[in-house]
Amino acid sequence: MPVRQGRRCTFFASLCGPWQHSVPEHHHAERGQRPQAAVEPAPASVRVDPAAELMTEQHPGKADWQSRHGEDGHDAPQTRPVSTARQTEQTDGGDPHHPGLGVEKLEAQPLQQGQRARTSFRIAGGTGHRDAPCQPQQIEAAQHLQAQLEQRPALEQGVEPQRQHQLQDGLSHHDTDQMGQGATHPEVGAGGGQHEVVGARRATGEQRKAKQGGIPFDRHLCTPELRTLYRYNVPLLVVIGFKITLYCRYISINGFIVTMTIWTPDLTPFAGPLYLKLVKAIEQAIQDGSLPPETRLPTHRALADKLGVTVGTVTRAYGEAERRGLLAARVGHGTWVKGDHEDPANAWVIRKEEGHRIELWQNLPVQLDRAAIIRPMLAEVADGDLNALLGYDKEAGQPSQRQLFIDWLAEQGVAGSEEYLLFSHGAQHGIMLSLLATGCVGETLFCEGLSYPGMLGNARQLKNQVVGLAMDAEGLLPDALEAACRTRRAKLLYLTPTLQNPTTATMSLARREAIVAIARRHDLLIIEDDVNGLLPQQPVTPLVNLAPERVIYLGSLAKIACGGLRVGFVLTPPALRGAFAQAMRLSSWMVSPLLIELACKLVSQRQIMPLVEQQRQILARRGELLRHLLPGACWQAGSMHAWLPLPEPWRSQEFAEAANALDVGVASGEHFAAGQFAAPQGVRLSLSQPATDARVAEGLERLAGLLRAAPPTNTLL
């Protein structure tokens, strides 16, 4: 058997602990020298080995040979009767891997024919050292054997084979307590070379060679008892070691894992439908602190399985809790308990640039010197009938004011009638008026998959179910709209056909005609948000020109002229004129006559389009900076914003937070995701908000550097 296997047996024997007494003595020898420990007496005991007694009865010649071997003066250990008390002696170095452990010799027992005498040992603590001197009896035994060898200088020239065999057998059977471990004895063998006796075992050149000073292993010494020991205990140790390894890995891995116990509410105290019970349980858990702010709730499927309800019940409950302001759903991040304050990278508020921070966050008009234009107009208004402008007026404004706007819109290619126009507090207010006037409360509303957050917020306030539809480079796909109309019943379709927010997509005339045809076929009203319609150099025909009977047209001066005026306008379908007037009276009664008069001054004095032209020129310069620094961004001439698709492995929310850490504000694509629409990984960059081109360039350079770096590693799995 190979030497390496002998080392393995010795190693596992040292691990066996309680079974160590069954390991043969030579398995505790190690290569090199090992010091001996002080002799430690052990209590006498009687060892009865039925197998050994049976072997003695079956092979009496072997026992007689062992007796004669001792009487011939070869210092072999005398075999004692099985029933006699054992004598113990401790040596150090019995375990090559634990030099501080000694081996206690238990006793020698007769074995089967063809096997050698065996001495059993027990692991015990030792105090020896590698440099400790050998015991006197070991030195005496070594000298005695050396003298016998010197009396036979030429074994190969006349020594009878039987005597030579006995001599070699005596050397190999000498006990370790009599032979110093690691002692070397030169002997002229059959090959005339010198052989090394390691520990108590000696390997002849004809049988085997010690490899790298290792421990020779003799297959005859692998007794059935030892084989049984290794057969049943070694696999057990391997399994135990494997489990320990897995446990250690489990501990090391779980040091970086945040485990979350699934929140399981008790619905029994609440009354009503199952989904309302769950909503009440969520509300109570938030109030008593069981669900603190920013806690992520279980997935719909996980909570449904835990409660034994359908996934639809949990989905409906989460939606209702979100409408009540208890939860916030983040596409790709799950459902969370709303926090007391929102992260600055997520809060949808007006931000102003301060110090080192650069905002590419919100579509605000380019900063121009508008005061030089507005100041003389304010003086004209003050010189007029100011008292009339400071009082109440009709909800739609004065007919002369409405006609002035209709004429100006006609110059820009937008067809309409004065009787169907009314003013609003900007386009945001126009969206709310449209939802109220059409009775779209708690209804289904179609829109682009990525849509204006202001509309999404209004829809949530009115408990509408928003369905985001697929898009391409031109915006909403007609096939997606057709499929949605066949499976769902919706009242409204909200669109931004020109410079779509946030993707900058602009619908072609053919695409607009296809959308209008589908809307007519399925009796669908359309809200056309055209706040960016005048920014392109060559505007496209608006939807209201194609279907004035079902298109609600929204416009505003906020994006193109002065945001602070908060004056917008709505062109309504004829059938909805009365409903819009009613919605206006209920929401704010009217728009300030003073602000409407000031807006009419801007239109009548032809000051709006020069402001639009200045804005186009500035945006064109910033668009060139964008193409140079971020060539992968999507931008069209006249657009106030750009869409930046993110490369792998960036996610939009991670990028927005990383940019916020660099003092650059961007809008994550998740803000624009409509309903359950899976938002692509991208961010919106508002080029119009920074005060100067230089600050735009600096902000874009920071983002370009961020894109070149890898996203931050998330250690929560």
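Residues numbered from 1 in each chain as written. Predicted model: local features only at pLDDT ≥ 70, side-chain atom pairs only at ≥ 80, totals over all residues. Heavy atoms only, no water.

When you go through the chain residue by residue, the secondary structure sums to 22 helices and 21 strands. In the chain, buried positions account for 49% of the 717 residues. The contacts in the chain between residues at least 6 apart in sequence include a share of 72% that link residues at least 24 apart. Counting only carbon and sulfur atoms, one obtains 54% of the accessible surface of the chain, whose full area is about 33,800 Å². (Helix = DSSP H or I, 4+ residues; strand = E, 2+ residues; numbered from the N terminus. Buried < 20%, exposed > 50% of the residue type's maximum accessible area, 1.4 Å probe, protein only. Contact = heavy atoms within 4.5 Å. Areas by Shrake-Rupley, 256 points an atom, 1.4 Å probe, with all protein chains shown as cover.)

Going residue by residue along strand β17 (residues 568-571), you find G568 and V570 tucked away on one face and F569 and L571 tucked away on the opposite face as well. In this sheet, β17 lies alongside strand β9 (residues 421-424) in antiparallel orientation, the contact comprising four bridges. Among the inter-strand pairings, L422 is bridged to a residue of β17, identified as V570. Across four bridges, the pairing between strand β16 (residues 551-556) and β17 is antiparallel. Looking at β17, one finds that L554 is bridged to V570. (Pairing = 2+ DSSP bridges.)

Here the focus is unusual backbone geometry. Here the bond from N501 into P502 is cis, since omega is 20°, no more than 30 degrees from zero. As for its position among the elements, P502 is in the loop between β14 (492-495) and α16 (509-521). In the segment running from E648 into P649, the intervening peptide bond is cis, with an omega of 0°. Phi is positive for L499, close to 50°, though the residue is something other than glycine. On the secondary structure map, L499 appears in the loop between β14 and α16. Owing to a relative accessible area of 2%, L499 belongs among the buried residues under this scheme. Of note in the backbone geometry, R566 takes a positive phi value of approximately 50° without being a glycine. One can find R566 in the loop between β16 and β17. According to the relative accessible area criterion, R566 is partly exposed, its value standing at 37%.

Counted at 1.5 Å a residue, the expected span for helix α20 (residues 608-629) with its 22 residues is 32 Å, and the 32 Å between its end C-alpha atoms agrees. Among the residues making up α20, those that are buried are I608, L611, V612, Q615, R616, I618, L619, R622, G623 and L626. As for α20, its buried residues are in contact with α10 (371-383), α12 (399-411), α19 (593-604), β18 (641-645), β21 (682-686) and α22 (693-708). (Expected span 1.5 Å × (residues − 1).)

This part is about the sheet that holds strand β20 (residues 667-668). Here three strands make up an open sheet; going across it, the order is β18-β21-β20 and the pairing antiparallel. For this open sheet the edge positions go to β18 and β20, each flanked by a neighbour on one side alone. With five bridges connecting them, β18 and β21 associate as antiparallel partners. Pairing of A642 across the sheet is with L685, part of β21.

Here the focus is the sheet that holds β16. As summarised here, the arrangement of the seven strands in space is β9-β17-β16-β15-β14-β10-β11, forming an open sheet in which the pairing is mixed. Each edge of the sheet is formed by a strand with only one pairing partner; in this case those strands are β9 and β11 (465-469). Averaged over all adjacent pairs, the angle separating strand axes in this sheet is 20°, with direction ignored. (Axes fitted to C-alpha atoms, helices over the stretch in contact; angles between N-to-C directions.)

Attention shifts here to the nonpolar core. F405, W408, F446, L481, L493 and I560 are the most contacted members of the largest nonpolar core, which has 86 residues in total. Of the residues forming this core, the biggest block, six residues, is contributed by α19. Formed jointly, this core draws a minimum of three residues from each of two domains, domain 2 (358-364 + 611-708) and domain 3 (370-605). If we skip the residues at most four places from it in the chain, I560 touches W408, V531, L534, L535, I608, L611, V612 and Q615. A633, A659, V664 and L706 belong to the second largest nonpolar core, which has 23 residues in total. (Core = buried A, V, L, I, M, F, W, Y, C linked by side-chain atoms within 4.5 Å. Domains from an automatic or database assignment.)

Before going further, it helps to examine the confidence of the model for the chain. Of the residues in the chain, 61% have a pLDDT of 70 or more, and the chain-wide mean is 75. In the predicted structure, residues 1-48 sits below a pLDDT of 50 and forms 155 contacts with residues beyond four places in sequence or in another chain. (pLDDT = per-residue confidence, 0-100.)

Now for the packing of aromatic side chains. One pass over the structure, following the stated rule, counts five aromatic pairs. Considering the side-chain rings of F405 and W408, the 6.2 Å spacing of their centres and the 80° angle between planes classify their relative orientation as edge-to-face. Of this pair, F405 and W408 both sit in helix α12, three residues apart, which is roughly one turn of that helix. A relative accessible area of 0% places F405 in the buried class. For W408, a relative accessible area of 4% gives the class buried. (Phe/Tyr/Trp six-rings, centres within 6.5 Å; stacked < 30°, edge-to-face > 60°.)

What follows concerns the packing of helix α13 (residues 426-437) against helix α14 (residues 453-461). Two elements in contact, α13 and α14, have axes whose closest approach is 10 Å; the angle formed by their N-to-C orientations is 35°. The hand of the α13/α14 crossing is right-handed. Where α13 approaches α14, its residues Q428, I431, M432 and L435 are matched on the opposing element by G454, M455, N458 and A459. In terms of residue class, the contact of α13 with α14 is made up of five nonpolar, three polar and no charged. (Left-handed = near helix turned anticlockwise from the far one by under 90°. Nonpolar A, V, L, I, M, F, W, Y, C, P; charged D, E, K, R; others polar.)

This part is about helix α21 (residues 652-661). Of all ten residues in α21, seven are buried; the element is thus mostly enclosed. Of the residues making up α21, those classed as buried are S652, Q653, F655, A656, A658, A659 and N660. Among the residues trailing α21, D663 stands out with phi positive, at a value near 65°.

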